[in-house]
Amino acid sequence: MKRPARVRALFALAVIAASVFIAVTVPVRLGLDLRGGTQIVLETRDSETVKADGEATDRTLEVLRGRVDALGVAEPGIVRSGENRIIVELPGLQDPRQAADVLGRTAQLSVHPVLGAAAPTDKPKEKGEEILADESGERLRLGPAALSGQDVKDAEARFDQQTGAGWHVTVDFEDDKGWAKLTGDAACNPAGDPQRRVAIVLDNKIISSPQVDPSVSCGAGITGGSTQITGSFTSDEAKELALLVKGGALPVPVETVEQRTVGPTLGAEAIEASAWAAVVGTALTAIFIIVVYRLMGVLATLALVCYGLISYAGLAALGATLTLPGLAGFVLAIGMAVDANVLVFERAREEYSKRNRPSSRSALTAGFKGAFSAIADSNVTTLIAAVLLFLLASGPVKGFGVTLAIGVVASMISALVITRVLAEFAVERKWVHRRPAFTGLASIGRVRTYLTRRNPQLMRHPRRWLAVSAVVLVITGAGIVVRGLNFGVEFTGGRLIEYSTSTTVDPDRAREALADAGFPQAVVQSSGDDKLTVRTEELTNAEAVKVADAIAEVGGGAEKVRDELIGPSLGDELRRNALIALGLALAAQLVYLAFRFRWMFGTGAVAALAHDVIILTGIFAWLGKPIDGVFLAALLTVIGYSVNDSVVVFDRIRELWRKDSKAPLADVTNLAILQTVPRTVNTGIGVIFILAALALLGGDSLTDFALALLIGMLVGTYSSVLTASPLAIELDAFAGDGGKGGRGRGRSRGRGRGRAGSARAKSGAAKEPGRAEATSTGK
């Protein structure tokens, strides 16, 4: 074994060993959409005295951490996001009302002397005075605060078992002098006088205003720095009040801008469905590549298993959270990982069929060398889409970007290192060397044989393909104008709740029930067997209870399996970021392709990408499907996948043009397309297996995602070959004779040359398909 081969083998072993160790010892964090629970996104706001900057947000986070810990949720998560957002994850919590109330309360606690009763028309006379209603509704005039929440040492909810008075909250102050003075001054007033009372105020509301006991003497007050807040508290109310008092006040107000709740049933179903999709899709893909590439297919399947192991270990090592779209991206990347192996094997087949490549080993080495630039360029473009998802998207879509990026890196390692180590080891065996057909590299395949024999001139009339693309573009794009876009709650703001009902409910009947309950604008859709999705404007938690009751009445009972609340400000931001992500993706692709290839190729590829985006969006508009964060993930993935195909074709054009710099671009492009069609077909079939498994087995939550990717893959494959390439030819012709080609050489040399090339291809196909095809361009 030569030194480079030993280095690759040692690197592969090290990566696999490290991946196994990480996979066994480090668990992957599951997102709330997989394990169930509630996620609340809070946004800090400026107060009259404090600006909601990063420092204020950090102080707010620490206060919230104490409140979250006191909720008793197992393994909660609370992190800062950006300058003024805080993400709180509460696994297992299915009713977000209590959590939202506790987290969102400012909890400004203060203790005031009572100056007397106030008439309905009275107003504060001096600075610092307040007029508030007590527990019974009586208006009291309060003096400036004598104590605040910062003076609280501890607070605890207790049940009075001796007197049976019920639940109360005991508050201990840091310094008993302040409390003794306040109660001592109040004790100087006669019993029954409002001024003998002390008011405890929480968020500008009197929660308790007890009279000082007659046993307390004037000026002495209550020592010990402790008091009780009494009232008709339930157990939960007393504990919540104690939590707020003890946790302290938030430095700045906070607003709930997003709230997601997923039932554990949906999470379990999503994991099981995605797992089945992964198993079935991967098995079908493995069978396909084994049938096509025989021994090399078996080795590629082993490399795919290693790819899955490396991807999983990468997620665990980075501490990434695996979400439902992320899990789908993980499954999808299995299909995309096939592409690199197919590129290598197809190039090796070409090299083997040439006279100067007599052995499988030399053909395989040349195949890896020839395919490297296409693999590198295509994977870089996919990484660009993944990075944009991570930087500009939010929530589960960000997780999809992480898994996609990890998948791309893992696929390159598995294809360029692990597959190569296994393949080179196999072809060096004597029994393999004596049976070249068993390797799968000795034959160029039926598709390539057919194309070599027929030699179709696809680029003879490039404008015809552009006209077809324009017609499809107009028809699908009309859906955006005629039907409009059904933006999901992520982009519009509002609340989306999914219920599982005991019996199947007609959506029209559910709409009528919600209209009777006071929600006439609610949008109701059936989301699977015995499931209903309700989308409304922003609801309070109390209004959400009314919606649940209405659905339960018509459905014979209802269980909430998903609950998403998006504030209008966050919806506007998500929609804006989606457009920015899309624009930057197209711009980044243009810059990269113009740098790696020529400007007309970059322009043609980006125009094809815009063509794919409009068609996919238009089809979803005609179908009335939601345009949400998951659709955005699919759309950007389609962009990466589509440019993959364009890069493979353009890479072959660049290679052929280097060999014959005077050949017309149309002839070179036609030959490049014919030579890369086997790769396109085989990769496409492998991806279709994965996506079909996702669509059929992935459950309701993945159906739209898989549908978008299926449509995008088909459209992207077409556009990369029959839109980007013809457009590049037209742009080259339009540029005149100032660059490579020009109008005179941009066109194919005509029908006669095509026939001659075809005849020559037939005569040499058996021994030299690579050379026979090359002569079709003519010199």
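Residues numbered from 1 in each chain as written. Predicted model: local features only at pLDDT ≥ 70, side-chain atom pairs only at ≥ 80, totals over all residues. Heavy atoms only, no water.

Colleague: Whenever I open this one, the overall build of the protein chain confuses me. Can you help?
Modeller: A tally of regular secondary structure across the protein chain gives 26 helices and 21 strands. Looking at the protein chain residue by residue over its 779 residues, the buried ones come to 53%. In the protein chain, 77% of the contacts between residues at least 6 apart in sequence involve partners at least 24 apart. Total accessible area on the protein chain stands at roughly 33,700 Å², and carbon and sulfur atoms take up 58% of it. (Helix = DSSP H or I, 4+ residues; strand = E, 2+ residues; numbered from the N terminus. Buried < 20%, exposed > 50% of the residue type's maximum accessible area, 1.4 Å probe, protein only. Contact = heavy atoms within 4.5 Å. Areas by Shrake-Rupley, 256 points an atom, 1.4 Å probe, with all protein chains shown as cover.)

Colleague: I keep staring at the packing of aromatic side chains and nothing clicks. Help me out?
Modeller: The description of two aromatic rings rests on the distance between their centres and on the angle between their planes. Using the criterion set out here, one finds 8 aromatic pairs in the structure. Each ring, one from Tyr293 and one from Phe345, has its centre 5.3 Å from the other, and the planes form 50°; the classification is tilted. One end of the pair, Tyr293, is in helix H7 (residues 264-318); the other, Phe345, is in helix H8 (residues 324-353), and 52 residues separate them in sequence. Both residues of the pair, Tyr293 and Phe345, belong to the buried class. When the centroid spacing of 6.0 Å and the interplanar angle of 65° are considered together, the rings of Phe597 and Phe650 count as edge-to-face. A residue pair is termed long-range when its members are at least 10 positions apart, and Phe597 in the loop between helix H18 (568-596) and helix H19 (599-623) and Phe650 in helix H20 (residues 629-659) qualify at 53 residues. Assigned by exposure class, Phe597 and Phe650 land together as buried. One aromatic cluster in this structure is built from Phe597, Phe601 and Phe650. Of note, Arg598 hangs over the ring of Trp657, and the distance from its end group to the ring centre comes to 5.1 Å. (Phe/Tyr/Trp six-rings, centres within 6.5 Å; stacked < 30°, edge-to-face > 60°. Lys NZ or Arg CZ within 6 Å of the ring centre and 35° of its normal.)

Colleague: Just to check I follow, could you spell out the pattern of salt bridges for this structure?
Modeller: Side chains that differ in sign of charge can pair as their charged atoms come close. Applying the stated criterion across every chain, the model contains 28 salt bridges. A salt bridge links Arg511 to Asp508; the shortest N-O distance between them is 2.3 Å. Taken together, the residues span about one helical turn, with Arg511 and Asp508 both in helix H16 (residues 507-516) at a distance of 3 residues. On the basis of relative accessibility, which here comes to 32%, the residue Arg511 falls in the partly exposed class. Its relative accessible area of 46% is what places Asp508 among the partly exposed residues. By sharing partners, the salt bridges in this structure join Glu43, Arg45, Arg85 and Glu255 into a single network. (Salt bridge = Lys/Arg side-chain N within 4 Å of Asp/Glu carboxyl O.)

Colleague: How should the packing of helix H14 (residues 462-482) against helix H23 (residues 724-734) be read in this particular structure?
Modeller: Packed helix pairs are specified by the crossing angle of their axes together with the interaxial distance, meaning the distance between the axes. Contact geometry of H14 with H23 gives a least axis separation of 9 Å together with a crossing angle of 125°. In terms of orientation, H14 lies oblique with respect to H23. The handedness of the crossing between H14 and H23 is left-handed. Residue-level inspection shows Pro462, Arg463, Trp465 and Leu466 of H14 in contact with H23, the latter providing Pro726, Leu727, Ile729 and Glu730. Among the residues making up the contact of H14 with H23, the classes are represented as 6 nonpolar, no polar and 2 charged. (Axes fitted to C-alpha atoms, helices over the stretch in contact; angles between N-to-C directions. Parallel < 35°, antiparallel > 145°, perpendicular 65-115°, else oblique. Left-handed = near helix turned anticlockwise from the far one by under 90°. Nonpolar A, V, L, I, M, F, W, Y, C, P; charged D, E, K, R; others polar.)

Colleague: Even after reading the chapter, I still don't get the sheet that holds strand E20 (residues 558-566), so can you show me in this structure?
Modeller: Across a sheet, paired strands are connected by hydrogen bonds in the backbone, their directions being either parallel or antiparallel. Judged by pairing direction, the sheet is antiparallel, and its 8 strands sit side by side in the order E3-E4-E2-E14-E20-E17-E19-E18 without closing on themselves. Both edges of this open sheet fall to strand E3 (77-81) and strand E18 (523-526), since each of them pairs with a single strand only. Going from strand to strand, the sheet's axes swing by 20° on average, the running direction of each strand aside. Note that E18 and strand E19 (residues 531-536) share 4 bridges and pair antiparallel. In the sheet register, Gln525 faces E19, and the bridge partner there is Thr533. Sitting on the sheet, H16 touches E18 and E19, and the angle it makes with E18 is about 150°. On top of the sheet, helix H17 (residues 541-555) reaches strand E14 (254-262), strand E17 (494-501), E19 and E20; it is set at about 30° to E17, its chief contact. (Pairing = 2+ DSSP bridges.)

Colleague: Whenever I open this one, the sheet that holds strand E9 (residues 152-160) confuses me. Can you help?
Modeller: Strand order in the open sheet formed by 3 strands is E9-E10-E13, with antiparallel pairing between adjacent strands. Here the strands that pair on one side only, and so sit at the sheet edges, are E9 and strand E13 (226-233). Averaged over all neighbouring strand pairs, the angle between strand axes comes to 25°, with direction disregarded. Relative to E13, strand E10 (residues 166-173) runs antiparallel, the two sharing 5 bridges. Across the sheet, residue Trp167 finds its bridge partner in E13, namely Phe233.

Colleague: Could you clarify how one ought to interpret the side chain of Arg85 in this entry?
Modeller: Along the chain, Arg85 turns up in strand E4 (residues 85-91). A residue is classified by how much of its surface remains accessible, and Arg85, at 13% relative accessible area, is buried. In terms of polar contacts, Arg85 uses its side chain to reach the side chain of Glu43, at 2.9 Å. (Polar contact = N/O pair within 3.5 Å; in protein donor to acceptor, adjacent residues only side chain to side chain.)

Colleague: Where do I start with the packing of H20 against helix H21 (residues 665-697) in this structure?
Modeller: As a packed pair, H20 and H21 sit with axes 8 Å apart at the nearest point and diverge in direction by 140°. As the angle between them shows, H20 and H21 are arranged oblique. Crossing hand, H20 versus H21: right-handed. The class makeup of the residues in the contact of H20 with H21 is 12 nonpolar, 6 polar and 3 charged.

Colleague: Sorry if this is basic, but what is going on with the state of the cysteines here?
Modeller: Think of a disulfide as a covalent bridge from one cysteine sulfur atom to another cysteine sulfur atom. Inspection of the entire model under this criterion finds 1 disulfide. Disulfide pairing is shown between Cys188 and Cys218; the S-S distance is 1.8 Å. Of note, the bridge from Cys188 to Cys218 carries an S-S torsion of about 80° and is right-handed in sense. With a gap of 30 residues between them, Cys188 in the loop between helix H5 (176-186) and strand E11 (198-202) and Cys218 in the loop between strand E12 (206-208) and E13 connect regions that are remote in the sequence. Classification of Cys188 as partly exposed rests on a relative accessible area of 42%. A residue is classified by how much of its surface remains accessible, and Cys218, at 49% relative accessible area, is partly exposed. (Disulfide = S-S within 2.5 Å.)

Colleague: Please clarify how the nonpolar core should be interpreted in this entry.
Modeller: A general tendency of soluble globular proteins is for nonpolar side chains to be buried together. Core analysis: the largest hydrophobic core is formed by 65 residues, its most contacted members being Phe601, Leu616, Phe650 and Ile653. Counting residues per element, this core draws most heavily on H20, at 16 residues. Excluding anything up to four places from it in sequence, Phe650 contacts Phe597, Phe601, Ala605, Ala724 and Ser725. One finds Leu299, Ala300, Val427 and Val648 within the second-largest nonpolar core, a separate group that totals 43 residues. (Core = buried A, V, L, I, M, F, W, Y, C linked by side-chain atoms within 4.5 Å.)

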